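Per-entry structural report
Residues per chain, in single letters:
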Amino acid sequence: MYADSSGQLEEFLQIAKKRKWQILLPAVFVFCLSIVVAIIIPQKYHAESEFELRHVRVEGDWQFKDSNSTSLEVANAETHLTSAVRVRAALDELEWDEYENIIREAGSRSDPKVSDYIKRQRKAIGIAIKIREKQMKASAFIEVKYKHVDPEKAVEFIYKIVEMWANELIQRDEALLIAERDELQNHLNRREQDYYDMLDEQARIQKELGVFSWAQGAASLNPKEDPVISELTSVNIELNRLRSSLANKESQLEELTDKIALEDEFIMQPVKAQKTGAATTTSRLEAEVASLRGQQVGLTSLNSTWKRLQMEIDAKQTDLERAERAPEATIQLEERVKNQKVVRWKDEKEQLEIDIEGLKGAVAELEQKSFDLTDEQKERLSLKRQLAAVESQIGVNQFLWEEASKKLQVKEDTLTALIRANKHPFTWIDEPKTPEDPSEPNPLLIIAIGLAGGLALGLGTSMLAEFTKNCYRSVSDVTSVMTLPVLGVVNVIVTRKQRRSARMRGLVVVSSSLVMLAVIGWFTWAYTQRPEILPTEFLQQVEDVRDYFK
């Protein structure tokens, strides 16, 4: 195996020696290009800084959302600092010549060239975030890096973009605090209005109840102290007394009515006897019958008076019939007169009826008054309950008003603290400093990579060209396919013509390569030392390339 490896190495060296120009020329060409690239690519300076994002706003309260937005801002720090809108705004304020020239050439800020420039500036920004616990609150330490061909512009850009973010946060927090303060002010005004509305409602209810303080209103809730209840009690007592008196009167009236019904209204009283003929007696009896019938007018047959009068009529009719048959003789006359007991009872009955009607009117009046007082008492009881609820609500509204006032004062103090200069949410831990040496590119590294890449390219192409040829390149190739041993090797016979032709080809390749390298070297020298001798188009193309890598 050792011999085989030695043979492969020897074969590799022979191929390299045979194709030395095929290896060296690409290596030299790539080496020169790496030198050109190291010169053309602009040098960039890295500016670094670190700042702390502190808590500015107070903690959130019960009504508004949590105002502790530090964690949210830290999570979005990279997005905020590398935002295309913010980078564009920073460049507009900085007014760099290169940026203004691109806009002037493009003719519009929305041109793709301007967008590409802004995109390159965004890629040049590096963000690193560190969170540290400090006094039970998270403090954010943010590192910002930026690279630019001009060290002063690198520092200027970091200052500008951080300042813009700081101002935006302050303005946002200030606007949010003002909105919350205004909301709290409106809340306070509503609480104040509710408080005074309750006072007005209290005064209205007290006026309806006839009290002028809560002490009187509370005392009036006691039924013994309520004038309406006292009056209602008196009315009910008097109403019961009148009802009792009315019942007695009605009972007396019923007894008198029964007595009058059982007693004759008229009685027969005897008078002096006299002689009278049958005709005279008949005429008198007929007159009496007519008188009795006249008294029946207006009475029904069921009436006791009508029945009594009918009995008298029947008796008179019997006497009339006897008189008509009897001869004239001397008779004993009787006179029909009113019964004085009945008259007296009727007077008492009439007086009782008058008294009863008066009592009924008084009872009806008192019943209506009792009904009205009962309704009034129900209304007053409802008003008293409303008054108690209003008094309780007044205390609650006063407490809420005071709480809203305290919250508004805290919000006012926070807003005042925010807009003071010493309440800036950013503290520079390490301010950006102007770098003295460029951080990229590294010319030696680029040249070394170019040299190694060129050699690798030359070796790769030469080996590929050698091993892709379909022929025997060495003795080992022949012995690997033949069973017979190789007894000898005849060297390659090169004629003078072939040698001259090979020399001529090598001379042409070397001279052309040297010319190309000389041209590259001269253009590189002219670009670095005397660019005015170079064509403007060439310089513009080189500058375009440099701008792309800036």
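Residues numbered from 1 in each chain as written. Predicted model: local features only at pLDDT ≥ 70, side-chain atom pairs only at ≥ 80, totals over all residues. Heavy atoms only, no water.

Quick notes on the overall build of the chain
For the chain, the count of helices and strands is 17 helices and 8 strands. Looking at the chain as a whole, 29% of its 550 residues qualify as buried. For the chain, the proportion of contacts with a sequence separation of at least 24, taken over those separated by at least 6, is 80%. (Helix = DSSP H or I, 4+ residues; strand = E, 2+ residues; numbered from the N terminus. Buried < 20%, exposed > 50% of the residue type's maximum accessible area, 1.4 Å probe, protein only. Contact = heavy atoms within 4.5 Å.)

Some words on the packing of helix α6 (residues 97-106) against helix α7 (residues 112-123)
To describe two helices that pack against each other, one gives the angle between their axes and the distance between the axes. Two numbers describe how α6 lies on α7: the axes approach to 8 Å, and their chain directions differ by 155 degrees. Considered as vectors, α6 and α7 are oriented roughly antiparallel to each other. Contact residues: α6 offers E98, Y99, I102, I103 and A106, while α7 offers K113, V114, Y117 and I118. (Axes fitted to C-alpha atoms, helices over the stretch in contact; angles between N-to-C directions. Parallel < 35°, antiparallel > 145°, perpendicular 65-115°, else oblique.)

So, the nonpolar core
The biggest cluster of nonpolar side chains holds 32 residues, and the ones touching the most others in it are V144 and F157. With 9 residues, the top contributor of residues to this core is helix α8 (residues 151-209). Those residues in contact with V144 that sit more than four places away from it in its chain are A47, E48, S49, F51, L81, I125, G126, I127, I158 and V162. (Core = buried A, V, L, I, M, F, W, Y, C linked by side-chain atoms within 4.5 Å.)

Quick word on the packing of aromatic side chains
Considering all chains together, one arrives at 6 aromatic pairs under this definition. With 5.4 Å between their ring centres and 70 degrees between their planes, Y195 and Y196 make a pair best called edge-to-face. We classify Y195 as buried; its relative accessible area is 14%. Its relative accessible area of 38% is what places Y196 among the partly exposed residues. (Phe/Tyr/Trp six-rings, centres within 6.5 Å; stacked < 30°, edge-to-face > 60°.)

Concerning the pattern of salt bridges
Scanning the entire structure with this criterion turns up 14 salt bridges. The partner of R241 in a salt bridge is E238, with the nearest N and O atoms 2.3 Å apart. In this pair, R241 and E238 both sit in helix α10 (residues 227-262), 3 residues apart, roughly one turn of the helix. Residue R241 is classed as partly exposed on the basis of its relative accessible area of 47%. Classification of E238 by relative accessible area gives partly exposed; the value is 30%. (Salt bridge = Lys/Arg side-chain N within 4 Å of Asp/Glu carboxyl O.)

Some points on the side chain of Q121
Residue placement: Q121 occurs in helix α7. Among the polar contacts made by the side chain of Q121, one reaches the side chain of Y146 at a distance of 2.3 Å. Excluding residues that lie within four positions of it along the chain, Q121 makes contacts with V87, L91, W96, Y146 and H148. (Polar contact = N/O pair within 3.5 Å; in protein donor to acceptor, adjacent residues only side chain to side chain.)

Here we look at helix α2 (residues 20-40)
Helical periodicity: at 3.6 residues per turn, an α-helix aligns residues three or four positions apart in one direction. For α2, built from 21 residues, the straight-helix expectation of 30 Å at 1.5 Å per residue is met to within 8% by its first-to-last C-alpha distance of 30 Å. Those residues of α2 not exposed but buried are I23, A27, C32, S34, V36 and A38. (Expected span 1.5 Å × (residues − 1).)

Digging into helix α5 (residues 84-94)
By the burial criterion, the buried members of α5 are R86, V87, A90, L91 and L94. Mapping the buried residues of α5 onto a view down its axis gives an arc of 135 degrees, with all of them on the same face. At the exit of α5 stands E95, carrying a positive phi of roughly 55 degrees. (Arc of directions from axis to C-beta.)

Concerning unusual backbone geometry
One non-glycine residue, E95, lies in positive phi territory at about 55 degrees. Inspection of the secondary structure puts E95 in the loop between α5 and α6. A relative accessible area of 52% means that E95 is categorised as exposed.

Some details on the environment of L239
With respect to the element layout, L239 can be found in helix α10. The class for L239 is buried, based on a relative accessible area of 4%. Linking L239 and K369, residues 130 residues apart in sequence, is a C-alpha distance of 9.9 Å. Those residues in contact with L239 that sit more than four places away from it in its chain are V363, L366 and E367.

Here's the deal with a positive patch on the surface
Taken together, the side chains of R496, K497, R499, R500 and R503 present a region of like positive charge at the surface. Note on R500: relative accessible area 52%, which makes it exposed. (Patch = residues over 30% accessible without salt bridge, like charges linked within 9 Å, V, L, I, M, F, W, Y side chains within 5 Å. Areas by Shrake-Rupley, 256 points an atom, 1.4 Å probe, with all protein chains shown as cover. Lys, Arg positive; Asp, Glu negative; His and termini not counted. Charge placed at Lys NZ, Arg CZ, Asp CG, Glu CD.)

Points about a nonpolar patch on the surface
Taken together, the side chains of L9, F12, L13 and L459 make up a nonpolar region of the molecular surface, amounting to roughly 350 Å² of accessible area. In terms of residue count, the dominant contributor to the nonpolar patch is helix α1 (residues 2-18) (3 residues). Along the polypeptide, F12 turns up in helix α1.

Section: the confidence of the model for the chain
With 80% of its residues at a pLDDT of 70 or more, the chain shows a mean pLDDT of 75. Averaged over each element, pLDDT in the chain is lowest for helix α9 (residues 214-220) (45) and highest for α5 (87). Of the regions scoring below 50 in pLDDT, residues 56-69 engages in 31 contacts with residues more than four places distant in sequence or in other chains. Below a pLDDT of 50 lies the segment residues 214-220, which in the model reaches 12 contacts outside its immediate sequence neighbourhood of four places, other chains included. (pLDDT = per-residue confidence, 0-100.)

A few points about the packing of α5 against α7
α7 packs onto α5 with a crossing angle of 105 degrees between their chain directions and a minimal axis gap of 10 Å. Relative to α7, the element α5 lies roughly perpendicular. Taken together, the residues of α7 that come into contact with α5 (itself represented by A84, V87, R88 and L91) are V114, S115, Y117, I118, Q121 and R122. Its residues assigned to classes, the contact of α5 with α7 comprises 6 nonpolar, 2 polar and 2 charged. (Nonpolar A, V, L, I, M, F, W, Y, C, P; charged D, E, K, R; others polar.)

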